[in-house]
Amino acid sequence: MPSILSFVALSNGQPTRASLEVLTRCRQLAAQHGHDLAAVVLAPDPSAAADAAQQYGAATVYTVADSSFENALNTPMLGALDAVIEQAQPAVVAFPSTEGVKDILGALAVRTGGAVIADVAEFEIKDGGVEALRPVMAAKFLARTRAEGNPVLISVRSGSYVAEEAPVAGTVEAMAFTSSEAKQTLREVVASVTGGVDLSDARVVVAAGRGVKDDEGKRLVEELAEVTGAAIGASRAVVETGMFPATAQIGQTGKVVSPEVYFAVGVSGAIQHVAGMSNSRIIVAVNNNADAPIFDVATYGIVGDLYQVLPALIAEIKNANGTT
Ligand SMILES: Cc1cc2nc3c(=O)[nH]c(=O)nc-3n(C[C@H](O)[C@H](O)[C@H](O)COP(=O)(O)OP(=O)(O)OC[C@H]3O[C@@H](n4cnc5c(N)ncnc54)[C@H](O)[C@@H]3O)c2cc1C
């Protein structure tokens, strides 16, 4: 029976939200087309993540344990994934669209002789191939793309699907692997700290734009992030001034995020910014210009001065949380 293999990316040893979304979509497609569903976990200790993958329906979980996966080095990841694909012979291999996955997807296609569709917002299996919708031109348009290959490798934007549990009593296949072929050495990890929460996988993001003009505005953004458990993002305008780090930039030339709630604070909603956040489930915009384009994509809009709106919003959230 053909199978679908879902790659499970980890954060602190647990599957990322985006990975579970992709796994859920793969489960739906497997059920629809009568395919087997498998997952692959690469980690120094993959056991907890393998259990979690089974909670989301992976009947077989291929695990590869090696300390080199701690830091997502390309060469060992490629070697291990190539070996798992060889073993599992999947028709489709689906990945969350992370920075690490972007790094290896092309090389993996060359190794496996497969086809690739990267960074899609939707995908389905159709007529022996994979069809997908890909945001293009700063996410202004969606391109319908089709790939046929053996296998088809596909990476999926976070927030494209909702992760749903569907536990199975599956099997775990531990694969032997040595990272001797690794030609890379990790010299340094430069961690980006955006409010202490990983921006790409955050459930809530508070993004600051040029309306945040000074230290007081920045402090309000940080406090809103703290009370909502959010990661802090930024428009390019405030990254260029040095007020926020480049790693916080969201948009066409920054990160693509799709949290459950996105606060756009003093952000105008330029197309290059919206390209990185339009997939967010709920968008709350705070802007003193009622004609700002951000209100075209916002779920809730607050027209007002952020220096007055944010303190009131923070007080209400603290009140609701019982932390006043
Ligand atoms: C090739 C290219 C790539 C780009 N890539 C990116 C990208 O990845 N990410 C990105 O963000 N941008 C990107 N840009 C820049 C983009 O075009 C915009 O210039 C930028 O997003 C504007 O940032 P902003 O919304 O913070 O600033 P502005 O457009 O200046 O908007 C500031 C907003 O704050 C509001 N405001 C002001 N004061 C207050 C107040 N007191 N209270 C409430 N609201 C207030 C204003 O009404 C305004 O709407 C790119 C541009 C190009 C050409």
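Source: prediction; values computed, not measured.

K.L.:
Which residues make up the environment of Ala139, and what values go with them?
P.N.:
Within the secondary structure, Ala139 sits in the loop between β9 (129–136) and β10 (141–147). With relative accessibility at 30%, the residue Ala139 sits in the partly exposed group. Considered as a pair, Ala139 and Ser278 are 139 residues apart in the sequence and their alpha carbons are 8.2 Å apart.

K.L.:
Would you mind going over the side chain of His273 in detail, with residue names and values included?
P.N.:
With respect to the secondary-structure elements, His273 resides in helix α7 (residues 271–274). In terms of polar contacts, His273 uses its side chain to reach the backbone carbonyl oxygen of Ile250, at 3.2 Å. Once residues within four sequence positions are removed from consideration, His273 is found in contact with Ala234, Ser235, Ile250, Gly251, Tyr262 and Val267.

K.L.:
Could you give an account of the domain arrangement of the protein, naming the residues involved and the relevant values?
P.N.:
Splitting the protein by domain gives domain 1 (3–181) and domain 2 (199–321). Centre-to-centre separation of domain 1 and domain 2, based on C-alpha positions: 31 Å. At the junction of the two partners, domain 1 supplies twelve residues and domain 2 supplies 13 residues. Broken down residue by residue, the surface that domain 1 buries against domain 2 is led by Arg17, Ala138 and Arg157, which jointly contribute 52%. For the pair domain 1 and domain 2, the number of links is zero salt bridges. Remark: the boundary between domain 1 and domain 2 carries six residue pairs in polar contact (both at pLDDT 80 or more). Class assignment of the residues belonging to the side of domain 1 that touches domain 2 gives a composition of five nonpolar, four polar and three charged.

K.L.:
Could you give an account of the layout of surface pockets, with specific residues and numbers?
P.N.:
The space that makes up the second largest pocket amounts to roughly 440 Å³. What lines the second largest pocket is a set of 26 residues, among which Arg210, Ser235, Ala237, Val267 and Ser268 lie closest to the centre. Those elements giving two or more residues to the lining of the second largest pocket turn out to be α6 (236–240), α7, β16 (282–287) and α9 (306–321).

K.L.:
How would you sum up the sheet that holds strand β17 (residues 300–303)? Please name residues and give values.
P.N.:
Read across the open sheet, the five strands follow the order β14-β13-β15-β16-β17; overall the sheet is parallel. Looking along the sheet, the strands with just one partner apiece sit at the ends: β14 (231–234) and β17. With direction set aside, neighbouring strand axes in the sheet form an average angle of 15°. Where strand β13 (residues 204–208) lies against strand β15 (residues 261–265), five bridges are found, and the strand directions are parallel. When the bridges of β15 are listed, Val204 appears paired with Val261.

K.L.:
Explain the site of the ligand to me, and be specific about the residues and the numbers.
P.N.:
Not every one of the 26 residues close to the ligand is listed here, only the nearest: Arg210, Ser235, Thr253, Ser268 and Asn287. The side chain of Gln249 places a nitrogen or oxygen atom 2.9 Å from an oxygen atom of the ligand. When the ligand sits alone it has 990 Å² of accessible area, and the protein chains cover 77% of it. Spatially, the ligand is embedded in the second largest pocket. If you list the elements that add at least two residues to the shell around the ligand, you get α6, α7 and α9. Split by residue class, the shell around the ligand holds six nonpolar, 16 polar and four charged.

K.L.:
Before we move on, can you summarise helix α5 (residues 215–228) with the specific residues and values?
P.N.:
Every α-helix winds through 3.6 residues per turn, so residues three or four apart in the chain are directed the same way. Look at α5: 20 Å from first C-alpha to last across 14 residues, which is about the 20 Å you get at 1.5 Å a residue. Taken as a whole, α5 has its buried residues at Gly217, Leu220, Val221, Leu224, Ala225, Val227 and Thr228. Looking at the buried positions of α5, the neighbouring elements they touch are β13, β14, β15 and α9. One or two steps after α5, the chain reaches Gly229, where phi turns positive at roughly 65°.

K.L.:
So what's going on with the pairing of strand β11 (residues 152–156)? Residues and values would help.
P.N.:
Of all five residues in β11, five are buried; the element is thus mostly enclosed. Pairing analysis gives five bridges linking strand β6 (residues 92–96) to β11, with the strands arranged parallel. Paired with Val93 across the two strands is Leu153, which belongs to β11. Judged from the four bridges that link them, strand β7 (residues 115–120) and β11 form a sheet pairing that is parallel. Looking across to β11, one finds that Ile117 is bridged to Ile154.

K.L.:
An account of the environment of Ala39 is requested, with residue identities and associated values reported.
P.N.:
Within the secondary structure, Ala39 is located in strand β4 (residues 36–43). In this structure Ala39 comes out as buried when scored by relative accessible area, which is 0%. Residues Ala39 and Gly254, 215 residues apart in the sequence, show an inter-C-alpha distance of 29 Å. Excluding residues that lie within four positions of it along the chain, Ala39 makes contacts with Leu5, Ser6, Val8, Leu23, Ala53, Ala58, Thr60, Val61 and Tyr62.

Calculation criteria
Residues numbered from 1 in each chain as written. Predicted model: local features only at pLDDT ≥ 70, side-chain atom pairs only at ≥ 80, totals over all residues. Heavy atoms only, no water. Helix = DSSP H or I, 4+ residues; strand = E, 2+ residues; numbered from the N terminus. Buried < 20%, exposed > 50% of the residue type's maximum accessible area, 1.4 Å probe, protein only. Polar contact = N/O pair within 3.5 Å; in protein donor to acceptor, adjacent residues only side chain to side chain. Contact = heavy atoms within 4.5 Å. Domains from an automatic or database assignment. Buried area = accessible area lost by both parts, 1.4 Å probe. Salt bridge = Lys/Arg side-chain N within 4 Å of Asp/Glu carboxyl O. Nonpolar A, V, L, I, M, F, W, Y, C, P; charged D, E, K, R; others polar. 1 Å grid on protein atoms, 1.4 Å probe; cavity = no way out; pocket = protein on both sides within 12 Å on 5 of 7 lines; lining within 4 Å. Points joined across faces, edges and corners; volume = space filled by probe spheres on them. Pairing = 2+ DSSP bridges. Axes fitted to C-alpha atoms, helices over the stretch in contact; angles between N-to-C directions. Near = heavy atom within 4 Å. Areas by Shrake-Rupley, 256 points an atom, 1.4 Å probe, with all protein chains shown as cover. Sits in = over half its atoms within 2 Å of the grid points. Expected span 1.5 Å × (residues − 1).

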